[in-house]
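Close look at the chain arrangement
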Amino acid sequence: MERRISNLNHLEFRKLVEGGIDTALIPVGTIEAHGITPLGTDVIIPEAMAERIAAEVNAIIAPAVPYGITRGLVGHPGTIRIRPETFKAYIEDILESLAGAGLRNLVVLNGHGGQTTELKDALFEAGRRSGARTLLIEWWYDIDDIRETELERTGGHAGADETACVMAVEPSLVKPDLFDEKQVAFFSRSYSAYPVPGSIVIYTEGDWSLNLDQSKCEGFFDAVARRVTETITKVIEGWTASGV
Ligand SMILES: [Zn+2]
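None of the values given here were measured: they were computed from a predicted structure.

1. Some details on the overall build of the chain
Per the secondary structure count, the chain includes 7 helices and 7 strands. Along the chain, helices (α) and strands (β) appear in the sequence α-β-α-β-α-β-α-β-α-β-α-β-β-α when read from the amino end. Its C-alpha radius of gyration of 18 Å places the chain within 12% of the 18 Å reference for a compact globule of 244 residues. Its C-alpha atoms give the chain principal-axis dimensions of about 55 × 40 × 35 Å.

Structure below.
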């Protein structure tokens, strides 16, 4: 069954909503340098996640928002930045339109950590104005157990976890030949550099490995998708039980 709004005819869309589909998944990312994966990594992952889980959470999929609030990687080749106020207003308009079209549960699948604050504000404000219930999902949080079991890595920006997701979605998008160890930086609270001195920013020194096994990558993406599905299901059940 076609669940992507951009591929549905408007009458098909109406039929689905009248037929009881009241949840929309909205993939959101940014365009920024990502080590050996594409500039669009942060939107490629949530888009694939949406397609993977849509049937299970009985949702339709809104067209993705590829552009976002990049900061640290501005200046790296191909990176694009949207101003925070523009991004927030754009997201609010999308959410309010979806609510107006009859979708009660608006689930934003975010792929980029640099826009969490603006997304939370947009979800809260658009939800209050429209009466919709809004949920922000950031797949990379609270999955240390999955990283450890499936990848034996801690991950990071363009680290083993994001790279594994892109491998699972489309291995030909990952370019191990372009790896350069000098492009690996570490998350540190002791300094802030603009631009970030590398397009791979990992949590743990020495945690980089190019030996990404395809079946491990797919196992990781599957496990993350299951976790995201559980979260969405649980939140919607909680909303319903609470009468909100
Ligand atoms: Zn990323």
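2. Quick word on the side chain of Thr79
When you line up the elements, Thr79 lands in the loop between strand 2 (59–61) and helix 3 (84–100). What makes Thr79 buried here is its relative accessible area of 18%. Among the polar contacts listed, one links the side chain of Thr79 to the backbone nitrogen of Ala33, at a separation of 3.1 Å. Polar contacts involving the side chain of Thr79 include one to the main-chain carbonyl oxygen of Leu73, which spans 3.4 Å.

3. Here we look at helix 2 (residues 41–53)
Owing to its 3.6 residues per turn, the α-helix aligns residues three or four sequence positions apart on the same side. Between its first and last C-alpha, helix 2 extends 18 Å over 13 residues, near the 18 Å set by a 1.5 Å rise per residue. Among the 13 residues of helix 2, 10 are classified as buried, and the element is accordingly described as predominantly covered. Residues Thr41, Asp42, Val43, Ile44, Ile45, Pro46, Ala48, Met49, Ala50 and Ile53 constitute the buried set of helix 2. The inward-facing, buried residues of helix 2 abut strand 1 (23–28), strand 2, strand 3 (105–110), helix 6 (160–169) and helix 7 (214–242).

4. Observations regarding the pairing of strand 1
The buried count for strand 1 comes to 6 of 6 residues, which makes it a mostly enclosed element. Every second residue of strand 1 is oriented toward a common face, with Thr23, Leu25 and Pro27 on one face and Ala24, Ile26 and Val28 on the other, all of them buried. The sheet contact formed by strand 1 and strand 2 spans 3 bridges and is parallel. Bridged to Ala24 within strand 2 is Ile60. Pairing between strand 1 and strand 3: 6 bridges, direction parallel. Within strand 3, the position partnered with Thr23 by the bridge is Asn105.

5. Digging into the coordination of the zinc ion
Distances from the zinc ion to its protein donors, His34 (NE2), Asp42 (OD), Glu162 (OE) and Glu162 (OE), fall at 1.9 to 2.6 Å. For the zinc ion, the 4 donor atoms in the first shell make angles of 55 to 139° at the metal, a pattern classed as irregular. Binding-site remark: the zinc ion is held by donors from one chain whose sequence spacing is H-x7-D-x119-E.

6. Overview of the sheet that holds strand 6 (residues 184–186)
With mixed pairing, the 3 strands of this open sheet are ordered in space as 5-7-6. Either end of the sheet is taken by a strand with one partner, and the two such strands are strand 5 (156–157) and strand 6. The sheet contact formed by strand 6 and strand 7 (residues 200–202) spans 3 bridges and is parallel. Along strand 7, the bridge assignment pairs Val184 with Ile200.

7. Some words on the pairing of strand 3
For strand 3, the tally of buried residues reaches 6 of 6 residues, placing the bulk of the element in the interior. Neither face of strand 3 is open: one carries Asn105, Val107 and Leu109, the other Leu106, Val108 and Asn110, and all of them are buried. Read as a crossover between parallel neighbours, the route from strand 3 over helix 4 (residues 116–130) to strand 4 (residues 133–138) is right-handed.

Each value, and the rule that gives it
Residues numbered from 1 in each chain as written. Predicted model: local features only at pLDDT ≥ 70, side-chain atom pairs only at ≥ 80, totals over all residues. Heavy atoms only, no water. Helix = DSSP H or I, 4+ residues; strand = E, 2+ residues; numbered from the N terminus. Rg over C-alpha atoms; globule rule 2.2 N^0.38 Å. Buried < 20%, exposed > 50% of the residue type's maximum accessible area, 1.4 Å probe, protein only. Polar contact = N/O pair within 3.5 Å; in protein donor to acceptor, adjacent residues only side chain to side chain. Expected span 1.5 Å × (residues − 1). Contact = heavy atoms within 4.5 Å. Pairing = 2+ DSSP bridges. Donors = N, O, S within 2.8 Å, 3.2 Å for Na, K, Ca; no water. Tetrahedral: all angles 85-135°; square planar, octahedral: opposite > 155°, others 65-115°. Right-handed = clockwise from strand over helix to strand, strands pointing away.

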